[in-house]
2 protein chains.
Amino acid sequence: MDARHSPFARKLGAFVALSEKEVSALDRLHGRRKVFSAGKDMVHQGQTDQAAYILASGWVCSYKILSDGTRQIVDFQIPGDSLGLRSVLFRTSDHNIEPVTQVEASEVLVSDLLETFSETPRLATAVLWAASRDEAMVVEHLVSIGRRHAKERTAHFLLELGARLKLVGLGSTSGYACPLSQYLLADTLGLSAVHINRVLRELREDGLVTFQHGHVEIHDLDGLVDLAEFDKTYLDHDGPLLK
Amino acid sequence: MDARHSPFARKLGAFVALSEKEVSALDRLHGRRKVFSAGKDMVHQGQTDQAAYILASGWVCSYKILSDGTRQIVDFQIPGDSLGLRSVLFRTSDHNIEPVTQVEASEVLVSDLLETFSETPRLATAVLWAASRDEAMVVEHLVSIGRRHAKERTAHFLLELGARLKLVGLGSTSGYACPLSQYLLADTLGLSAVHINRVLRELREDGLVTFQHGHVEIHDLDGLVDLAEFDKTYLDHDGPLLK
DNA sequence: CGGCGACGCTGATCTGCCTCAGTTCATTGT
DNA sequence: ACAATGAACTGAGGCAGATCAGCGTCGCCG
């Protein structure tokens, strides 16, 4: 899997070794391309007529709001991730989706997807694998918020993000570009923005990781992995499981 | 859907109106029945050769342990719920599963399941709906732990459990039998057992709900729903969506 | 140019929940 | 009959992280 291909194909390639034919079938899947600008919700709770998308560029977050105005971000989608694949099939959306940056996304027709699956069945497996990974990420997030301290929690989040970005060619073991504000981090990690700020400073002073000016720089990967008890197998299984 | 049928059929009946033929196809799905006793893990992290089950009686929990010994319970399975349907298809288990009580479960062969789907396709939709509901529950759990206070969080949990039990005929709006200890509640809600104890007392003193001697009694449903901001639509959609 | 909003950052204070260290009660085993 | 165990329960003290209030910097716009 090299840089010629879309992030979506790169990501699936981490689960299932894809042939040239399968990769180009995936690339053909990308339909009409749409652009969304930062901050304006793409989907609201209760909305029913939504489409499914594959993110081509930009970042997006899914969240829920409570009546007191606080919100909880459930997860982020980065290039190569799909949006609403599940809810377009089964229910009205139960959460909001907001672009964090300007976003380009290709609309995916369910009919096209099903057709692709019947022609190249291994792709169905790959997509289901990806969906299962998304679920594992939410579970890991739950564990973080429930049982990890702010510092470990933040470290875990930054590592997971890095691993995901590396998978689609947008980062390396040493760092990545990250458009998230400290407020977004706070809403993700169940902390206050003030505390996130202090935690980031501590991680910096410990020589573990620096997150400044939209860029995450990992200084001590082992130390960070150790602190966060980060186990990346749920993200890429250390290479394709299906050859 | 009446009391003659299995909890599994009752639950799916809440999503898709099932014919007699479909219900009996579901009931035939239950294969070899196994019994597990409380406290002994059924599945460990990393285990690969697991089967899928449908719970006939008893309660089960899925959890993860951290290195400091604390654990986070991700969710409970009650009669009618399936266990490991997803992970049997796609990966080694990334969490542990422990029976809370003695448990009876029917093994489900993937081949039988797929065969049933092709004969009665609406059942496939129903099962996918159920899987999607499970995901929504984990998300709601995440929101609870991230942004709700101990009292609201506990109230929300007790309400969700009640709604789920009612769906399979094991509870009513006024209460249900609940075999969970305060330690299990604590590990679920990201709190300490000590604090759970105080929260339960407060809820009792507020006249909202009593949880004592293995029984949850709801005194003021509206007050509780209000406190927890509980929205049950993600559990049963107020009746079958597909007629 | 000055004003304004976003965002990062910081000190001081407050509080929700944890930890520790028990007691009581019911159940089980010997 | 008496330990042993486990669960519910309680008080005291401590701490992680929230809240409040404020400052500095930057980019944008009229």
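Report follows, based on the coordinates. (Residues numbered from 1 in each chain as written. Chains lettered and ligands numbered in written order. Predicted model: local features only at pLDDT ≥ 70, side-chain atom pairs only at ≥ 80, totals over all residues. Heavy atoms only, no water.)

**Concerning helix 4 (residues 110–119) of chain A**
Residues and elements named next belong to chain A.
Thought 1: When we look at burial in helix 4, the residues that qualify are Leu113, Thr116 and Phe117. Buried residues of helix 4, seen end-on, are gathered within an arc of 100° and therefore sit on one face of the element. Exposed positions of helix 4 whose direction lies more than 90 degrees from the buried face are Leu114, Ser118 and Glu119. (Buried < 20%, exposed > 50% of the residue type's maximum accessible area, 1.4 Å probe, protein only. Helix = DSSP H or I, 4+ residues; strand = E, 2+ residues; numbered from the N terminus. Arc of directions from axis to C-beta.)

**A word on the sheet that holds strand 3 (residues 60–65) of chain B**
All names here are of chain B.
Thought 1: Spatially, 4-3-6 is the arrangement adopted by the 3 strands of the open sheet, whose pairing is antiparallel. Every interior strand has two partners, whereas the edge strands, strand 4 (71–77) and strand 6 (96–99), have only one. Mean inter-strand twist for the sheet, computed between neighbouring axes without regard to direction, equals 30°. (Pairing = 2+ DSSP bridges. Axes fitted to C-alpha atoms, helices over the stretch in contact; angles between N-to-C directions.)

**Focus: the relation of the copies chain A and chain B**
Thought 1: Screw-axis analysis of chain A against chain B gives a translation of 0.0 Å along the axis, an RMSD of 0.0 Å, and a rotation angle of 180°. What the rotation and shift describe, once combined, is the action of a two-fold rotation axis. Taking C-alpha positions as reference, the residue of chain A nearest the rotation axis is Leu142 of chain A, located at 2.6 Å.
Thought 2: In this assembly, 100% of the residues forming the interface of chain A have copies in chain B that are likewise at the interface, indicating an isologous arrangement. (Least-squares fit on C-alpha atoms with pLDDT ≥ 70 in both. Contact = heavy atoms within 4.5 Å.)

**Brief notes about the protein's contact with DNA strand D**
Thought 1: The immediate surroundings of DNA strand D are formed by 16 residues, with Leu191, Ser192 and His195 of chain A together with Gln182 and Arg201 of chain B found nearest.
Thought 2: Within 4 Å of the protein, the contacting atoms of DNA strand D are drawn from sugar and phosphate to the extent of 68%.
Thought 3: At 3.0 Å from a phosphate oxygen of DNA strand D is found a main-chain nitrogen or oxygen belonging to Ala150 of chain A.
Thought 4: A distance of 3.2 Å separates a base nitrogen of DNA strand D from a polar side-chain atom of Arg198 of chain B.
Thought 5: Those elements giving two or more residues to the surface near DNA strand D turn out to be helix 8 (193–205) of chain A together with helix 8 (193–205) of chain B.
Thought 6: Of all the elements, helix 8 of chain B adds the most residues to the surface near DNA strand D, at 5 residues.
Thought 7: Here the residues of the surface near DNA strand D are counted per class, giving 4 nonpolar, 8 polar and 4 charged. (Near = heavy atom within 4 Å. Polar contact = N/O pair within 3.5 Å; in protein donor to acceptor, adjacent residues only side chain to side chain. Nonpolar A, V, L, I, M, F, W, Y, C, P; charged D, E, K, R; others polar.)

**Observations regarding the interface of chain A and chain B**
Thought 1: Residue-level contacts link 35 residues of chain A with 35 residues of chain B.
Thought 2: Between chain A and chain B the total buried area reaches about 3500 Å² when both faces are included, carbon and sulfur atoms providing 60% of it.
Thought 3: There are 4 salt bridges connecting chain A and chain B.
Thought 4: Between Lys64 of chain B and Glu140 of chain A there is a salt bridge; the shortest N-O distance is 2.6 Å.
Thought 5: Sorting the residues of the side of chain A that touches chain B by element identifies strand 4 (71–77), helix 3 (85–90), helix 5 (121–147) and helix 7 (182–189) of chain A as the ones contributing at least two each. (Buried area = accessible area lost by both parts, 1.4 Å probe. Salt bridge = Lys/Arg side-chain N within 4 Å of Asp/Glu carboxyl O.)

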